Amino acid sequence: MKNEIEQFLSVGVAYTCAFSLTVGFITPLQQLLLPKVTSSIRLLFLPHGVRMLAFYSHGWKAILYLLPVTYLTLTLSIQSGVNLDYLSPLVSLMACYAGFLIASAFISAQPKQPTIKMTTFFLLTGTLASIFNRLNLSWLNFGEMDLLNTLGYVIGD
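Computed from a prediction, not measured in an experiment: that's the story for all the values here.

> Where do I start with the packing of helix 2 (residues 46-58) against helix 4 (residues 88-108) in this structure?
The geometry of a pair of packed helices is captured by two quantities: the angle between their axes and the separation between those axes. The N-to-C vectors of helix 2 and helix 4 enclose an angle of 55 degrees; their axes lie 10 Å apart at closest approach. Taken together, the axes of helix 2 and helix 4 lie oblique to each other. Here helix 2 runs over helix 4; the crossing is right-handed. The segment helix 2 lies against helix 4, with His-48, Arg-51, Met-52, Phe-55 and Tyr-56 engaging Ser-92, Leu-93, Cys-96, Tyr-97 and Phe-100. Residue composition of the contact of helix 2 with helix 4, grouped by class: 7 nonpolar, 2 polar and 1 charged.

Following this line, the structure appears as structure tokens:
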């Protein structure tokens with residue numbers, strides 16, 4: 001039980017730090033350097049990397065570790081004027097986990113040679129998870145699947 005609490009806290013702290021750094025430093029810097037890019041698309045969204053590492057390290061349990069902190073950040077985002085559905089964190093985590101599972105299945109189906117490196121695995125996982133995440137969130141929050149905005153999110157994630 002102690003190990004589970006430690007894992008929960010470490011994932012939560014990592015996600016919170018990544019989110020805070022993104023919102024407090026990266027987003028204002030992006031708005032300063034690229035004022036024409038909408039602020040809803042972050043060209044560097046660090047929490048996505050934390051999600052991918054959490055799924056890699058903890059498997060499906062990462063959903064349980066990440067869910068409370070993603071709802072906390074959703075609440076903070078809503079208070080700052082961002083209009084998102086309350087199912088967004090759950091949809092986002094499930095989409096990211098689906099991307100992780102598909103990338104894992106693809107990698108494990110490869111011949112047992114050291115041709116697929118961890119960098120390739122995480123790029124594939126992050127890209128698939130980002131595409132699934134954005135398409136599902138577009139549909140949930142706006143009732144449509146916007147492919148152009150999805151490309152922006154894939155770059156940021």
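On we go.
> Help me out: how do you make sense of the pattern of salt bridges in this one?
Oppositely charged side chains may form a pair once their charged atoms are brought near each other. All chains considered together, the criterion is met by 1 salt bridge. Between Lys-61 and Glu-4 there is a salt bridge whose closest N-O contact spans 3.1 Å. Placement of the pair is Lys-61 in helix 3 (residues 61-79) and Glu-4 in helix 1 (residues 2-33), with a sequence separation of 57 residues.

Procedures and definitions
Residues numbered from 1 in each chain as written. Predicted model: local features only at pLDDT ≥ 70, side-chain atom pairs only at ≥ 80, totals over all residues. Heavy atoms only, no water. Axes fitted to C-alpha atoms, helices over the stretch in contact; angles between N-to-C directions. Helix = DSSP H or I, 4+ residues; strand = E, 2+ residues; numbered from the N terminus. Parallel < 35°, antiparallel > 145°, perpendicular 65-115°, else oblique. Left-handed = near helix turned anticlockwise from the far one by under 90°. Contact = heavy atoms within 4.5 Å. Nonpolar A, V, L, I, M, F, W, Y, C, P; charged D, E, K, R; others polar. Salt bridge = Lys/Arg side-chain N within 4 Å of Asp/Glu carboxyl O.

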